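Residue-level listing of the chains:
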Amino acid sequence: MSTPKKISELSEPEVIIRAKGDNKYFGLLYNKYFDQIFRFVFKRLGGKEDVAGDITQQTFIKAMANIHKYEDRGLPFSSWLYRIAQNEVSMFFRQQKKNYSVPIDENRVNDLAAEANIGRHMSTEEQEMLIEILNSLNEEQLELIELRFFQELNFKEISEIYNITEANAKMRTYRILERIAKNWTND
């Protein structure tokens, strides 16, 4: 007869299965992913620490309440948490009826401009024009650009957040970059 595994010996899939029946196992997932999800939410909110803590907590409350709905589809468990966190951040902005803003870093703006084939080193006036173009994007497009260029996530990480393929994440991003370039030449 084999002895039961210690909690510390359980694999993540085993912890998830047990968390579906016993909330104490969810604590292991919480401890593993809290900082990672908090950093994501914190960046999305532009550094509002108190609100980021609340939204991160809400993310884990929803995850714990819905863990029974989680299905392993070959993506990391964290991608499911990122989706919940993204939804919570979006809901926060809708409830606040605030305009969505992206923290701008000059180096990231130059990287974005280079990827969109509109230049490498931009004057302040050109950066302002680019920001106007960014402001014309819808929320999802702006989120994708923020994740890729301002939070510097790779396409795999973006695909996990949106539950899409890596190729689809690239395609969406490059279509947005094409739109930015088209709007640039029209202005």
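Located above this text is the structure these notes cover.
Residues numbered from 1 in each chain as written. Predicted model: local features only at pLDDT ≥ 70, side-chain atom pairs only at ≥ 80, totals over all residues. Heavy atoms only, no water.

(A) Here's a closer look at the overall build of the protein chain. Looking only at helices and strands, the protein chain has nine helices and zero strands in total. What you see in the protein chain, going N to C, is helices and strands ordered as α-α-α-α-α-α-α-α-α. C-alpha atoms of the protein chain, sized along the principal axes, occupy 75 × 35 × 25 Å. Across the protein chain, every contact between residues at least 6 apart in sequence was considered, and the portion connecting residues at least 24 apart equals 59%. Accessible area for the protein chain stands at about 11000 Å²; split by element, carbon and sulfur atoms hold 47% of it. Once the 26 positive and 29 negative side-chain charges of the protein chain are each reduced to a mean point, those two points are 7 Å apart. (Helix = DSSP H or I, 4+ residues; strand = E, 2+ residues; numbered from the N terminus. Contact = heavy atoms within 4.5 Å. Areas by Shrake-Rupley, 256 points an atom, 1.4 Å probe, with all protein chains shown as cover. Lys, Arg positive; Asp, Glu negative; His and termini not counted. Charge placed at Lys NZ, Arg CZ, Asp CG, Glu CD.)

(B) Representation of the side chain of Q141. With respect to the secondary-structure elements, Q141 resides in helix α7 (residues 139-150). For Q141, a relative accessible area of 17% gives the class buried. A distance of 2.8 Å separates polar atoms of two side chains, one belonging to Q141 and the other to R179. Among residues more than four places away in sequence, those in contact with Q141 are I176 and R179. (Buried < 20%, exposed > 50% of the residue type's maximum accessible area, 1.4 Å probe, protein only. Polar contact = N/O pair within 3.5 Å; in protein donor to acceptor, adjacent residues only side chain to side chain.)

(C) Expanded view of the environment of V89. Note on placement: V89 falls in helix α4 (residues 77-96). Looking at V89, the relative accessible area reads 0%, which means it is buried. For V89 and R175, which are 86 residues apart along the polypeptide, the C-alpha to C-alpha distance reads 24 Å. What V89 contacts, discounting residues up to four positions off in sequence, is V41, R44, L45 and I55.

(D) How the structure looks around the packing of helix α2 (residues 23-44) against helix α3 (residues 49-65). In contact at an axis separation of 9 Å, α2 and α3 are set at 145 degrees when each is read in the N-to-C sense. Here the hand of the crossing between α2 and α3 comes out right-handed. Taken together, the residues of α3 that come into contact with α2 (itself represented by N23, F26, L29, Y30, Y33, F34, I37, F38, V41 and F42) are E49, A52, G53, I55, T56, Q57, T59, F60, A63 and M64. A class-by-class count of the residues in the contact of α2 with α3 yields 14 nonpolar, five polar and one charged. (Axes fitted to C-alpha atoms, helices over the stretch in contact; angles between N-to-C directions. Left-handed = near helix turned anticlockwise from the far one by under 90°. Nonpolar A, V, L, I, M, F, W, Y, C, P; charged D, E, K, R; others polar.)

(E) Representation of the packing of aromatic side chains in the model. A complete count under the given rule lists 12 aromatic pairs for this structure. With 5.5 Å between their ring centres and 45 degrees between their planes, F77 and W80 make a pair best called tilted. Taken together, the positions of F77 and W80, both in helix α4 and three residues apart, correspond to about one turn of that helix. Across this residue pair, the class does not change: F77 and W80 are buried. In this structure, R148 packs its charged tip against the face of F155, placed 4.0 Å from the ring centre. (Phe/Tyr/Trp six-rings, centres within 6.5 Å; stacked < 30°, edge-to-face > 60°. Lys NZ or Arg CZ within 6 Å of the ring centre and 35° of its normal.)

(F) Region of interest: unusual backbone geometry. One non-glycine residue, N117, lies in positive phi territory at about 60 degrees. Summarising the element assignment, N117 is placed in the loop between α5 (106-115) and α6 (124-135). We classify N117 as exposed; its relative accessible area is 69%.

(G) The arrangement of the nonpolar core in detail. Counting residues in each nonpolar core, the largest one holds 58 residues, and the members touching the most others are I145 and I180. Here I180 is in contact with L112, A116, I118, L130, I133, L134, L137 and I145, once residues within four sequence places are set aside. (Core = buried A, V, L, I, M, F, W, Y, C linked by side-chain atoms within 4.5 Å.)

(H) Up close: the packing of α7 against helix α9 (residues 166-186). Put simply, α7 and α9 touch, their axes get as near as 10 Å, and they point 105 degrees apart. What the angle tells us is that α7 and α9 run roughly perpendicular. Residues E140, Q141, L144, I145, R148 and F149 of α7 form the contact with α9, whose participating residues are R172, T173, I176, L177, R179 and I180. Here the contact of α7 with α9 is composed, by residue class, of six nonpolar, two polar and four charged. (Parallel < 35°, antiparallel > 145°, perpendicular 65-115°, else oblique.)

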